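Residue-level structure breakdown
Here is what each chain is made of, one letter per residue.
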Amino acid sequence: RPFSHRSFQTITPIRVLFAILGSMGAEGPVLYWAAIHRKHHQFSDEPGDPHSPHLHGEGWRGRLLGLWHAHIGWLFDHEQLDWARWSPDLLRDRAVFTVHRYYFLWVALGLLLPAVVGGILSLSWSGALTGFIWGGLVRMFLAHHTTWSVNSFSHVWGAKRFRSRDESRNNVFLALLTMGDGWHNNHHAFPTSAAHGLEWWQFDMSHWLIRGLEVLGLAWDVKRPSREALAKARV
C-alpha cells in the first residue's frame, strides 16, 4: 500500500522496515513488486496484465489455464520491466532502493532468524531446524499462496460491490487470510486507498496498522475514499 500505491506517507525508518519485512517474505524485490503491481492495475484483466486469469481462452480448459497462470504460472514467464516507467518514485528513494539492492540478504535473514530463535528457545539443533522449517519455509509457502490467490481466485470468485473495469472480486475467505487484501474489488475500485476493507465489518488488519501509525503521528496523507465517492461507485 505505501510502495505500489502511495496510499500514505510515513517516516523513513518505518518505510525501510516495511520494505525489509516484505522482502523477508521472498516475494520479490520491492521495486519489482511495485512495478508488477502497477502494471497489473494499468492493464487489469486485459492484454498486458502480468497475471490475469481471463486471457487464456474460453470454456473449462481456458479457465483452468487462466487460474494456473494467475496463481503461479506467470512467475515462469519472467518479464523485464522498465523501472523508470513503472517505479520512478522508488528509484529516487535512496533508502528503499538500498533495501531493494540487498534483497537476497533479507531473504536469507527470513530463513536464518527463525532458525536462530528456535535454537535459542529449545537449546537444540532440532529446535533450530524446526524454526527454519516452520518460521522460514512454511511461512514463506503460506504467504506466497495467499498472495497468489488474490491474483487468481479474487479475479474469479466473490462479490463485486463497486464498478471497476476488470473482474476483481471481494472474497471474504481470502480477506481473512491476507489481513484484508482479499477485498480486491474494493481495492481495484479505489486503488490508492489505504483501507481495503471499506465497511466496518470488513476485516482489514493492514489498515488498522496504518490507522495506528496515523494516530501516533507516524503516518500522514492517508488516502481513503469519501462517502460521495463510495456512493457513486457502488454497483
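This text follows the structure it describes.
From a predicted model like this one, the values you see are computed outputs, not experimental measurements.

1. Concerning the packing of aromatic side chains
Inspection of the entire model under this criterion finds six aromatic pairs. Consider the rings of Tyr103 and Phe104, whose centres lie 5.1 Å apart with planes at 65 degrees: the pair is edge-to-face. Here Tyr103 falls in the buried class, since its relative accessible area comes to 8%. With centroids separated by 5.4 Å and ring planes inclined at 80 degrees, the aromatic side chains of Phe162 and Phe190 adopt a geometry described as edge-to-face. Taken as a pair, Phe162 in the loop between helix 8 (125–152) and helix 9 (172–177) and Phe190 in the loop between helix 10 (184–189) and helix 11 (205–215) lie far apart in primary sequence, 28 residues in all. Comparing Phe162 with Phe190 shows no difference in burial state: the two are buried.

2. Observations concerning unusual backbone geometry
The backbone of Ala26 shows a phi angle near 65 degrees, a positive value even though the residue is not glycine. With respect to the secondary-structure elements, Ala26 resides in the loop between helix 1 (12–23) and helix 2 (30–42). Unusually for a residue other than glycine, Leu123 sits at a positive phi of about 55 degrees. Inspection of the secondary structure puts Leu123 in the loop between helix 7 (103–122) and helix 8.

3. So, the packing of helix 7 against helix 8
Two numbers describe how helix 7 lies on helix 8: the axes approach to 6 Å, and their chain directions differ by 145 degrees. Every pair of crossing elements has a handedness; the one defined by helix 7 and helix 8 is right-handed. Two secondary-structure elements touch here, helix 7 through Val107, Gly110, Leu111, Pro114, Ala115, Gly118, Gly119 and Ser122 and helix 8 through Gly127, Ala128, Gly131, Phe132, Gly135, Gly136, Leu137, Arg139 and Met140. Per-class residue counts for the contact of helix 7 with helix 8 are eight nonpolar, eight polar and one charged.

4. Structural notes on helix 11
Taken together, the buried positions of helix 11 are occupied by His207, Ile210 and Leu213. Take helix 11 and look down its axis: the buried residues cluster within an arc of 115 degrees, on one side only. Gly217 sits one or two residues past helix 11 and shows a positive phi near 80 degrees.

Quick notes on the rules
Residues numbered from 1 in each chain as written. Predicted model: local features only at pLDDT ≥ 70, side-chain atom pairs only at ≥ 80, totals over all residues. Heavy atoms only, no water. Phe/Tyr/Trp six-rings, centres within 6.5 Å; stacked < 30°, edge-to-face > 60°. Buried < 20%, exposed > 50% of the residue type's maximum accessible area, 1.4 Å probe, protein only. Helix = DSSP H or I, 4+ residues; strand = E, 2+ residues; numbered from the N terminus. Axes fitted to C-alpha atoms, helices over the stretch in contact; angles between N-to-C directions. Left-handed = near helix turned anticlockwise from the far one by under 90°. Contact = heavy atoms within 4.5 Å. Nonpolar A, V, L, I, M, F, W, Y, C, P; charged D, E, K, R; others polar. Arc of directions from axis to C-beta.

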